[in-house]
Amino acid sequence: MSSSDQWTKKVFTLNTGNKMPAIGLGTWQSKPNEVRHAVADALKAGYRHIDTALAYGNENEVGQGIKDSGVPREEIWVTTKLDNTWHHRVTEGIDSSLKSLGLDYVDLYLMHWPSSTDPENMKKHLPDWNFEKTWMEMQKLPETGKVKNIGVSNFAIKNLEILLKNPDLKITPAVNQIELHPNNPSPKLIAYCKEKGIHCTSYSCLGSTDSPLYKDKTLLDLAEKKGLSVQQCLLLWGLQRETSVIPKSVTKARIEKNFALDGQKLTDDEMKTINSMQSRFKVCGDGWLPVKVFFGDDDQTAADVDKLGKALKKEMKTQRAIKSHVRATVSAIADEHSQLKCHQCNKIAHSSSALSNCSRCKVVAYCSRECQAADWNTHKQSCQKQNYILKIDGAHNFLELGKDVLTKPSVYRTLSVPSTATAEQLKDVIQLSFGYTGESSCDFLIWNPAFVKFDYWEWYMTKAKVEAYT
């Protein structure tokens, strides 16, 4: 077993130099009279990191569980949090928590939310206070010995930037505790914090109570393959992203199983599989707060969003130009062949929808689909060129497909089709363009919004096959 796989011994070094155990026990949403036993069970199982908060109302039980465990206080990392209605009373807040915990100090004290809520009216924000003022008060705590490290929780990039740019800032937050799981991965926020020297702790790392992640097929398949539980896979994913994790449980067996990670590791491909999960949800929103604290910038910065928005507009403009070009080209081809005689019955083939083609015979016209079908089965038997399957396969950026789609088909072997095309029209355009270019093979890449899904600002092709003559 490599040292990197010994998760129960792993610590993260904070910007203060203090070392925080990578795996902790979360206590949010634990019912009364359950937390005390859960904390004791966790510490006896080897945990050395316990997370609580004034707002959880269980600090007293956490303190009792610590005493029950028999583990020396100096071996345990304890995190608690300043509640929103105590922002203007930081000293009173930490004193209240220490009294409830029965401790002389905590290892980490976090500002729970960037909302200075009015204690007289939870729907209102204090008019003369904000989280910046709260932080300036929190900066005074380390020198009192009551806390060893200070940090924040639920801070998005926007609020972190406000805090870090404050001229009175003396201490950079050591930790930002945020909701992190595969359906709320927040890569941009993690990267931003890393750049600023702020460690990220994952709360709701299992997706919280009755998590939909437990039923996710991707995770279920991975867990079965690894011989692990879904919860263990989620914890490994979080740890391998260099975030500490604080899974919550009050069941002794689950507490122990969540900690049994030594010797386990997800491969790069397995990490990519989890990273590619597309569903999104947040356990904790900000609708209950008097101010907005989430801005959608945990996946993209504001600059990224603006940049991507401009790129999208440019792509859509190009898209419209291509559509127009395709329509004009198809119309020209139809006009060119509008007087062709039916290859089957020799009548005039007025409709472009009845045009077909062969790689040897170029364009062949029909007056109706019945004639086309009747003739084609016979015709294709005598034709030496049998490669009539057109493929859509793989992922391609829209702009790459859009380049010279009709002006240089022999180079790009790419065919662009109007977004309004029906399935039948799509076949017609394929046939027309194939005959028009005189290509000897039908292995084209087809772009059509009907086959495309919009995701992360890029156009992708879905795998499919289009048989032109059926």
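For the structure itself, look to the data block above.
The rules behind these values
Think of each chain on its own: its residues are numbered from 1, step by step along the sequence as written. With pLDDT at 70 or above as the cut-off, local features in this predicted model cover only qualifying residues; side-chain atom pairs require 80 or more to be listed or tallied, and sums for whole chains, interfaces and linings still use all residues. Note that the side-chain values use all heavy atoms of the structure and ignore hydrogens as well as water. By the criteria applied, helices consist of DSSP H or I runs no shorter than four residues and strands consist of E runs no shorter than two, each listed in order from the N terminus. Whether two residues are in contact is decided by their heavy atoms: any pair within 4.5 Å suffices. Note that accessible areas follow from Shrake-Rupley with a 1.4 Å probe, and for residues the cover is restricted to the protein chains shown. When a carboxyl oxygen of Asp or Glu lies within 4 Å of a side-chain nitrogen of Lys or Arg, that pair is called a salt bridge. A simple rule labels every residue: compare its accessible area, found with a 1.4 Å probe on the protein chains alone, to the largest value its type can have, and call it buried under 20%, exposed over 50%, or partly exposed in between. Cavities and pockets were defined on a 1 Å grid built from protein atoms only: a cavity is a group of points that admits a 1.4 Å probe but offers it no way out, a pocket is an open group of points flanked by protein on both sides within 12 Å along at least five of seven lines, and a lining residue is one with an atom within 4 Å of any such point. Grid points are joined across faces, edges and corners, and a volume is the space filled by probe spheres set on the points. All residues other than Ala, Val, Leu, Ile, Met, Phe, Trp, Tyr, Cys, Pro, Asp, Glu, Lys and Arg, Gly among them, are scored as polar; the first ten of these are nonpolar and the last four charged. Between N or O atoms, a polar contact is any pair within 3.5 Å; within protein, one atom must be a potential hydrogen donor and the other a potential acceptor, and residues adjacent in sequence are included only when both atoms are from side chains. Strand pairing is assigned whenever DSSP detects at least two bridges linking the two strands. By convention, orient the strands away from the viewer: a clockwise path from the first strand over the helix to the second makes the crossover right-handed.

If you tally the helices and strands in the chain, you get 15 helices and 20 strands. Once local pairs closer than 6 in sequence are excluded, the contacts in the chain between residues at least 24 apart make up 72%. As presented, the chain carries roughly 22500 Å² of accessible surface, and 50% of it is formed by carbon and sulfur atoms.

Under the definition given, this model contains eleven salt bridges. In this structure, Glu179 and Lys282 form a salt bridge, with 3.8 Å as the shortest nitrogen-oxygen distance. Here the residue Glu179 occupies a position in strand E10 (residues 175-179), and Lys282 occupies one in the loop between helix H10 (268-275) and helix H11 (302-336), the gap between them amounting to 103 residues. Under the relative-accessibility criterion, Lys282 is labelled partly exposed at 33%. Here Glu270 makes a salt bridge to Lys225, at a shortest N to O gap of 3.3 Å. On the criterion of sequence distance, the pair formed by Glu270 in helix H10 and Lys225 in helix H7 (residues 217-226) is long-range, its members being 45 residues apart.

Approximately 820 Å³ is the volume found for the largest pocket. As for the largest pocket, its lining consists of 38 residues, of which Trp28, Gln29, Ser208, Thr209 and Lys248 are closest to the centre. Ranked by residue count, the leading element in the lining of the largest pocket is helix H9 (residues 252-259), at three residues. Looking at side-chain class alone, the lining of the largest pocket contains 14 nonpolar, 18 polar and six charged residues. Around the second largest pocket, the lining is made up of 15 residues, and of these Lys194, Ile198, His199, Cys200 and Glu242 lie nearest the centre. Of all the secondary structure elements, the ones that give two or more residues to the lining of the second largest pocket are strand E1 (11-13), helix H6 (187-195) and strand E11 (199-203).

Let us look at the side chain of His49. Checked against the element boundaries, His49 lands in strand E4 (residues 49-51). A relative accessible area of 1% places His49 in the buried class. At 3.0 Å, the side chain of His49 forms a polar contact with the backbone oxygen of Pro21. In contact with His49, not counting residues within four places along its chain, are Met20, Pro21, Ile23, Gly24, Leu25, Trp77, Thr79 and Ile246.

Looking now at the sheet that holds strand E3 (residues 25-26). Strand order in the open sheet formed by eight strands is E3-E4-E5-E6-E9-E10-E11-E12, with parallel pairing between adjacent strands. The open sheet terminates on both sides in strands that have one partner only, identified here as E3 and strand E12 (244-245).

The subject of this paragraph is the pairing of strand E5 (residues 77-82). With six of six residues buried, E5 lies mostly within the body of the structure. Summarising the sheet, E4 and E5 pair through three bridges and their orientation is parallel. Across the sheet, residue His49 finds its bridge partner in E5, namely Trp77. This β-α-β element, E4 to helix H2 (residues 59-69) to E5, shows right-handed connectivity. As a crossover connection, the stretch from E5 through helix H3 (residues 90-101) into strand E6 (residues 108-111) is right-handed.

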